[in-house]
Amino acid sequence: MVRLGVNIDHVATLRNARGTPYPDVVEAAAAAEAGGADGITAHLREDRRHMRDDDMRLLRRAVKTRLNMEMAIAPDVMAVALEIVPDEVCLVPERRQELTTEGGLDAAGQSAAVADAVAALSAKGVDVSLFIDPDARQVEAAAAAGAPTVEFHTGAYANASGAAAREELDRLFAAAALAKSLGLRTNAGHGLSYANVAPVLAMPGLDTLNIGHSIVARAVFAGLEAAVREMRAAIARR
């Protein structure tokens, strides 16, 4: 079965909105794991708008499944990753003005920096993935950089409908097939919800879906553990 990584960034967003010590991201991780999450994803952004350095340290000690740290290639963030040594790191692009990550990493255009980051993290035993658009050039660049895993940005699919959504799925499937042929493990995420996740499950070689916003939004009404269980059920219905 496809694995589910639960992104808990927006638990930290809610905490930071009022400057309170709650809701606790460690408690959120435990609830997500109790609901069937195969891993916990947390993005330490350069501006620290949700997760903070100490959050990552606490999560590294508390997570019982796998900790996936999303991050840009920035010296201060890299230092935290090399300190805590998460199970996985997903390298992503960042822009200060964006609400969330709005596109894939340009692995082809930043080949030297990406390869250096992959090498440094891999030397610590970290499983590195590159968050990229479903584009053949980027898939090939990820393989050339030595990354064992790619995570495809599913935002264009999630925001489309009808024939356009089908076209975006075809792009995802073609890129995933190429990744598989190059020996890369394939993950996917961004904008996926209970309503649109099913078609993505047919991607060739799909290993893990990383989903956050829709699960945390559902948790407002159902609780986080139940919300994760509902997403697990949606994945199992494939």
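See the structure shown above.
Residues numbered from 1 in each chain as written. Predicted model: local features only at pLDDT ≥ 70, side-chain atom pairs only at ≥ 80, totals over all residues. Heavy atoms only, no water.

Caption draft 1: Examining the pattern of salt bridges more closely. A full pass over the atoms with the stated rule returns 16 salt bridges. A salt bridge links Asp-47 to Arg-49; the nearest nitrogen and oxygen atoms lie 3.1 Å apart. The partly exposed category is assigned to Asp-47, whose relative accessible area is 28%. (Salt bridge = Lys/Arg side-chain N within 4 Å of Asp/Glu carboxyl O. Buried < 20%, exposed > 50% of the residue type's maximum accessible area, 1.4 Å probe, protein only.)

Caption draft 2: Highlighting the pairing of strand β8 (residues 206-211). Burial of β8 is extensive: five of the six residues sit out of reach of the surface. Both strand β1 (residues 3-7) and β8 contribute to a ladder of four bridges, which runs parallel. Paired with Val-6 across the strands is Ile-211, a residue of β8. Of the pairings in the sheet, the one linking strand β7 (residues 185-189) to β8 comprises four bridges and is parallel in character. The partner of Asn-187 across the bridge, within β8, is Thr-208. (Helix = DSSP H or I, 4+ residues; strand = E, 2+ residues; numbered from the N terminus. Pairing = 2+ DSSP bridges.)

Caption draft 3: Seen up close, the packing of helix α2 (residues 25-34) against helix α3 (residues 53-62). At a minimum axis separation of 9 Å, α2 and α3 run at an interaxial angle of 35°. As for how α2 packs across α3, the hand of that crossing is right-handed. For the pair formed by α2 and α3, the contact residues are Val-25, Val-26, Ala-29 and Glu-33 on the first element and Asp-55, Leu-58, Leu-59 and Ala-62 on the second. (Axes fitted to C-alpha atoms, helices over the stretch in contact; angles between N-to-C directions. Left-handed = near helix turned anticlockwise from the far one by under 90°. Contact = heavy atoms within 4.5 Å.)

Caption draft 4: Here's a closer look at the sheet that holds β7. Strand order in this closed barrel of eight strands is β1-β2-β3-β4-β5-β6-β7-β8, and the pairing throughout is parallel. Averaged over all pairs of adjacent strands, the angle between their axes in this sheet comes to 25°, without regard to strand direction. As judged from the five bridges shared by strand β6 (residues 149-153) and β7, these two strands associate in the parallel manner. Bridged to Val-150 within β7 is Thr-186.

Caption draft 5: The arrangement of the packing of helix α6 (residues 136-144) against helix α8 (residues 162-181) in detail. At a minimum axis distance of 9 Å, the contact between α6 and α8 shows a crossing angle of 25°. Judged by the inter-axis angle, α6 sits roughly parallel to α8. The hand of the α6/α8 crossing is right-handed. In this structure, α6 uses Ala-136, Val-139 and Glu-140 to contact α8, whose residues at the interface are Ala-175, Leu-178 and Ala-179. In terms of residue class, the contact of α6 with α8 is made up of five nonpolar, no polar and one charged. (Parallel < 35°, antiparallel > 145°, perpendicular 65-115°, else oblique. Nonpolar A, V, L, I, M, F, W, Y, C, P; charged D, E, K, R; others polar.)

Caption draft 6: Inspection of empty space enclosed by the protein at higher detail. Inspection of the entire model under this criterion finds two cavities of 30 Å³ or more. Considering only enclosed or pocket space, the largest cavity measures out at about 90 Å³ in volume. In terms of lining, the largest cavity is formed by Arg-3, Leu-4, Gly-5, Asp-38, Gly-39, Ile-40, Thr-41, Arg-66, Asn-68, Glu-88, Thr-208 and Asn-210. For the lining of the largest cavity, the secondary structure elements donating two or more residues are β1, β2 (39-43) and β8. If you trace the second largest cavity, you find it lined by Pro-134, His-153, Thr-154, Ala-156, Tyr-157, Glu-168, Arg-171 and Leu-172. Those elements that place two or more of their residues in the lining of the second largest cavity are α7 (155-158) and α8. Sorting elements by how many residues they give to the lining of the second largest cavity places α8 first, with three residues. When the residues that make up the lining of the second largest cavity are grouped by side-chain class, the tally is four nonpolar, two polar and two charged. (1 Å grid on protein atoms, 1.4 Å probe; cavity = no way out; pocket = protein on both sides within 12 Å on 5 of 7 lines; lining within 4 Å. Points joined across faces, edges and corners; volume = space filled by probe spheres on them.)

Caption draft 7: Main features of helix α10 (residues 213-222). Listing the buried residues of α10 in full gives Ser-214, Ile-215, Val-216 and Ala-219. On the buried face of α10, the contacting elements are β1, α1 (9-18), β8 and α11 (224-236). Backbone geometry just after α10 places Gly-223 at a positive phi near 90°.

Just geometry here; none of it tells us what the structure is for.
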